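Here is how the chains run, residue by residue.
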Amino acid sequence: MKAAAINSHGGPEVVELLDIPTPQAGPGQVRVRVRAAGIQPFDCAVRRGLPVRGGDPDFPKRIGNDFAGVVDQVGEGAEGFPVGSEVLGWCLMACHAEYVVVPTEQIVAKPAMMPWEAAGAFAASAQTASTAVEDLAVRAGDTLLVHAAAGGVGTVAVQLAAALGATVVGTASPRNHDYLRALGAVPVAYGDGLVERVRAVAPAGVTAVLDCAGRGSLDSSAPLLARSGRMGTVVDFDRADAVGALKISTRRSAERLGALTDLCARGALRIEVSAAFPLDRAADAHRAVETGHARGKVAIVVA
Ligand SMILES: NC(=O)c1ccc[n+]([C@@H]2O[C@H](COP(=O)([O-])OP(=O)(O)OC[C@H]3O[C@@H](n4cnc5c(N)ncnc54)[C@H](OP(=O)(O)O)[C@@H]3O)[C@@H](O)[C@H]2O)c1
């Protein structure tokens, strides 16, 4: 099969379309013919050399953590997803390829209304956002400040928090402010003067902060946080302890993913794919993510 994989660590140019053996479904697994996959900053970090547990042990190494596609092979004892099932799910460092093999615990049915690109780019960031909203115990009456609200994680976090009844203030550059309003957030520009701009829209300060941006966001948020407020970061683990922020790591499960896809099916959660690249241009997908300014998600279209 073809895979957009790497034979060495480095810049986007090391991503190549390679022929590698097509994986076979083992016991409890299905093989999925991938239609689309997501890409996120983590994939770029792995490409640059971030060590990961799991994934291919030697070069060539595959990349990509989430996918959507059609089941084309069912391993012994794997139940619930016969050949032809349309699914989406996650699989560590394997998804930018024509086929992926996964345990059935890592897939859910793809809602028919979900475009393939959005479905492929859903499982990783959406589950991070869901974990973060849960860990911060966001609830009605909260005022939640989300940094990098227009990104892959922020886009879903804003919508989940707003649906819970929180007032959401989101940081983004001005070109994304209408986008944030449409998601249900009050937009503010990041950078110098952030504290004053947030105070202008939330005079009593905020009761929770979700940092999806890093770059000093935890420190700049601290003066805005109510005494009993909660702060969490999915990025800046080095700074978290010093400012009393939770270090939030994604917890993935079919139950969590299924709940999120149900929201999509009901029209209560939407995913914006701002750029999509074919598998043979996966390097350009890496470049798009590495601008640091992708809106919503970047997808890789496989078939
Ligand atoms: N801990 C975990 O388990 C976990 C899981 C997933 C992701 N992550 C991490 O979470 C972070 C966010 O991931 P992501 O996929 O959402 O990233 P992303 O989609 O690549 O983020 C892009 C967004 O960041 C915004 N942005 C850029 N600079 C900013 C700044 N200084 N302040 C506020 N917003 C800024 C951009 O908005 P503008 O274009 O408007 O500037 C853009 O919309 C990454 O660092 C990722 O590695 C952690």
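Heads up: the structure comes first, above all this text.
Before going into details, it helps to say that this report is about the structure given with it. What you are looking at is a predicted structure, and each value in this text was computed from that prediction instead of being measured. (Residues numbered from 1 in each chain as written. Predicted model: local features only at pLDDT ≥ 70, side-chain atom pairs only at ≥ 80, totals over all residues. Heavy atoms only, no water.)

Here we look at the overall build of the protein chain
Each helix and strand counted, the protein chain has 10 helices and 15 strands in total. Looking at the 303 residues of the protein chain, the share that counts as buried comes to 54%. In the protein chain, 67% of the contacts between residues at least 6 apart in sequence involve partners at least 24 apart. Counting 29 positive and 31 negative side-chain charges, the protein chain places the averaged centre of each group 5 Å from the other. (Helix = DSSP H or I, 4+ residues; strand = E, 2+ residues; numbered from the N terminus. Buried < 20%, exposed > 50% of the residue type's maximum accessible area, 1.4 Å probe, protein only. Contact = heavy atoms within 4.5 Å. Lys, Arg positive; Asp, Glu negative; His and termini not counted. Charge placed at Lys NZ, Arg CZ, Asp CG, Glu CD.)

Let's talk about the environment of Ala-123
Mapped onto the fold, Ala-123 is located in helix α3 (residues 123-135). A sequence separation of 89 residues divides Ala-123 from Cys-212, and the C-alpha atoms of the two residues are 17 Å apart. Those residues in contact with Ala-123 that sit more than four places away from it in its chain are Asp-66, Gly-89, Trp-90 and Leu-257.

Concerning the pattern of salt bridges
In total, this model carries 16 salt bridges according to the counting rule given. Of the charged contacts in the structure, one is a salt bridge between Asp-241 and Lys-247, with a shortest N-O distance of 3.1 Å. Overall, the relative accessible area of 58% leaves Asp-241 in the exposed class. We classify Lys-247 as partly exposed; its relative accessible area is 40%. (Salt bridge = Lys/Arg side-chain N within 4 Å of Asp/Glu carboxyl O.)

Thoughts on the side chain of Asp-43
Summarising the element assignment, Asp-43 is placed in helix α1 (residues 41-48). In this structure, Asp-43 is buried with no salt-bridge partner, the nearest side chain bearing the opposite charge being Lys-297 at 6.7 Å. Beyond its immediate sequence surroundings of up to four residues, Asp-43 is in contact with Gly-38, Ile-63, Gly-64, Asn-65, Met-93, His-96 and His-286.

Some words on unusual backbone geometry
Pro-60 follows Phe-59 through a cis peptide bond whose omega is -5°. In this structure, Pro-60 sits in the loop between α1 and β4 (66-74). Here the phi dihedral of Arg-215 falls at roughly 50°; this positive angle occurs in a residue that is not glycine. Position of Arg-215 among the secondary structure elements: in the loop between β11 (206-211) and α7 (217-221).

A word on the site of the ligand
Residues in close proximity to the ligand total 26 residues, the closest being Gly-152, Ser-173, Asn-176, Tyr-190 and His-293. Contacts to the ligand include Val-234, whose backbone N or O atom sits 3.0 Å from a nitrogen atom. His-293 is positioned with one of its side-chain polar atoms (N or O) 2.7 Å from an oxygen atom of the ligand. Relative to its free-state accessible area of 930 Å², the ligand is covered by the protein chains to the extent of 86%. Of the residues that constitute the shell around the ligand, the class distribution is 12 nonpolar, 12 polar and 2 charged. Residues lining the shell around the ligand come from more than one domain, with at least three contributed by each of domain 1 (2-122 + 271-301) and domain 2 (128-247). (Near = heavy atom within 4 Å. Polar contact = N/O pair within 3.5 Å; in protein donor to acceptor, adjacent residues only side chain to side chain. Areas by Shrake-Rupley, 256 points an atom, 1.4 Å probe, with all protein chains shown as cover. Nonpolar A, V, L, I, M, F, W, Y, C, P; charged D, E, K, R; others polar. Domains from an automatic or database assignment.)

Focus: the pairing of strand β14 (residues 273-278)
Pairing of β14 with strand β15 (residues 297-301) involves 5 bridges; the strand directions are parallel. When the bridges of β15 are listed, Ala-275 appears paired with Val-298. What joins β14 to β15 is helix α10 (residues 282-290), and the crossover it makes is right-handed. (Pairing = 2+ DSSP bridges. Right-handed = clockwise from strand over helix to strand, strands pointing away.)

Topic: the sheet that holds strand β9 (residues 167-171)
Pairing is parallel across the open sheet formed by 6 strands, whose spatial order is β10-β9-β8-β11-β12-β13. This sheet does not close on itself; its edge strands, each paired only once, are β10 (185-188) and β13 (246-247). Bridge count for strand β8 (residues 143-147) against β11 is 4 bridges, and the pairing is parallel. Bridge assignment links Leu-145 to a residue of β11, and that residue is Val-209.

Side note on helix α6 (residues 194-201)
An α-helix turns once per 3.6 residues; consequently, residues spaced three or four apart project the same way. Taken together, the buried positions of α6 are Leu-194, Val-195 and Val-198. The arc enclosing the buried residues of α6, seen along the axis, measures out at 95°, which places them on a common side. Projecting away from the buried face of α6 at angles above 90 degrees are the exposed residues Glu-196 and Ala-200. Its buried side turned inward, α6 meets β8, β9, β10, β11 and α7. (Arc of directions from axis to C-beta.)

Regarding the packing of α1 against α10
α10 packs onto α1 with a crossing angle of 115° between their chain directions and a minimal axis gap of 9 Å. The angle between α1 and α10 places the two elements in the roughly perpendicular class. Relative to α10, α1 is oriented so that their crossing is left-handed. Of the residues in α10, those in contact with Pro-41, Asp-43, Cys-44, Arg-47 and Arg-48 of α1 are His-286, Val-289 and Glu-290. In the contact of α1 with α10, the residues fall into 3 nonpolar, 1 polar and 4 charged. (Axes fitted to C-alpha atoms, helices over the stretch in contact; angles between N-to-C directions. Parallel < 35°, antiparallel > 145°, perpendicular 65-115°, else oblique. Left-handed = near helix turned anticlockwise from the far one by under 90°.)

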